[in-house]
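Listed below are the residues making up each chain.
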Amino acid sequence: MRYAARLATALTTVTVVLLSASPNAQAGAAGSTPVQTFQYSVGGMTMKIPTGCMFTHIIRGSGRKITYQNAGVDCAFVGALNSGFCNWRIDFTYADTGNRIYRTSRGRTHSECKIDPMRNNSRQTLPRYGKACARLFVNGIKRASQCHHITK
């Protein structure tokens, strides 16, 4: 069941990237990582996130220029039956080739519970090569991270 969820998410991600490709010379990457099972407390209630959720990060551009960036959670099977992610935010971070973070685009913390949190980030040109990461936080704790290398 876990394998089927990963395979379905991976195939969907690849399809989206291929169908949205531009005829211009551009690079892009998409990747997903499973959100591990966890539980947390909101207003005295215990919330549980079961298996079956994937955190996906998509990035498009050329060289250090990012033309599109998006990250979000997709849940399937048992994961789709959970009550959602409460007090969530998605941050985008940028690190140089020495893995030193030099920029963070911190997302707004959303107090409402959402089964499919998602965030886009603005176009930009990075000052250095390195990597771009998306990070999912729930109740202030990092729960998933997915990165892509930005190279020449």
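The residue numbers shown here count from 1 along each chain, following its written sequence. With the structure being a predicted model, the display of local features is reserved for residues of pLDDT at least 70 and the display and counting of side-chain atom pairs for 80 or more, all residues being used for whole-chain, interface and lining totals. As a convention, hydrogens and water are excluded, and side-chain values are obtained from all of the structure's heavy atoms.

Caption draft 1: Structural context of the overall build of the protein. When its secondary structure is counted, the protein shows 1 helix and 11 strands. Labels follow the DSSP assignment, with helices taken as runs of H or I lasting at least four residues and strands as runs of E lasting at least two, numbered in each case from the N terminus. Written out in order from the N terminus, the α and β elements of the protein read α-β-β-β-β-β-β-β-β-β-β-β. Within the protein, the fraction of its 152 residues that count as buried is 39%. Contacts in the protein between residues far apart in sequence, at least 24 positions, make up 61% of those at least 6 positions apart. Note on exposure labels: buried denotes an accessible area under 20% of the residue type's maximum, exposed denotes more than 50%, and partly exposed covers the range between, all computed with a 1.4 Å probe on protein chains only. Note on contacts: a residue pair is in contact if any heavy atoms of the two residues lie within 4.5 Å.

Caption draft 2: The side chain of Gln69, seen in detail. Looking at the secondary structure, you find Gln69 in strand E5 (residues 65-75). For Gln69, the residues in contact, after removing those within four places along its chain, are His57, Ile58, Ile59, Phe92, Tyr94, Arg119, Asn120, Asn121, Gln124 and Ala132.

Caption draft 3: Spatial organisation of the pairing of strand E4 (residues 53-62). In terms of burial, E4 is largely enclosed, as 8 of its 10 residues are buried. Note: two strands are recorded as paired if DSSP finds a minimum of 2 bridges between them. Sheet topology places strand E1 (residues 27-34) next to E4; 8 bridges connect them, and they run antiparallel. Bridging across to E4, Gly28 finds its partner in Arg60. In the sheet, E4 pairs with E5 via 10 bridges, with the strands oriented antiparallel. Note on E5: the bridge partner recorded for Cys53 is Cys75.

Fair warning: the whole summary comes from geometry, so function is off the table for now.
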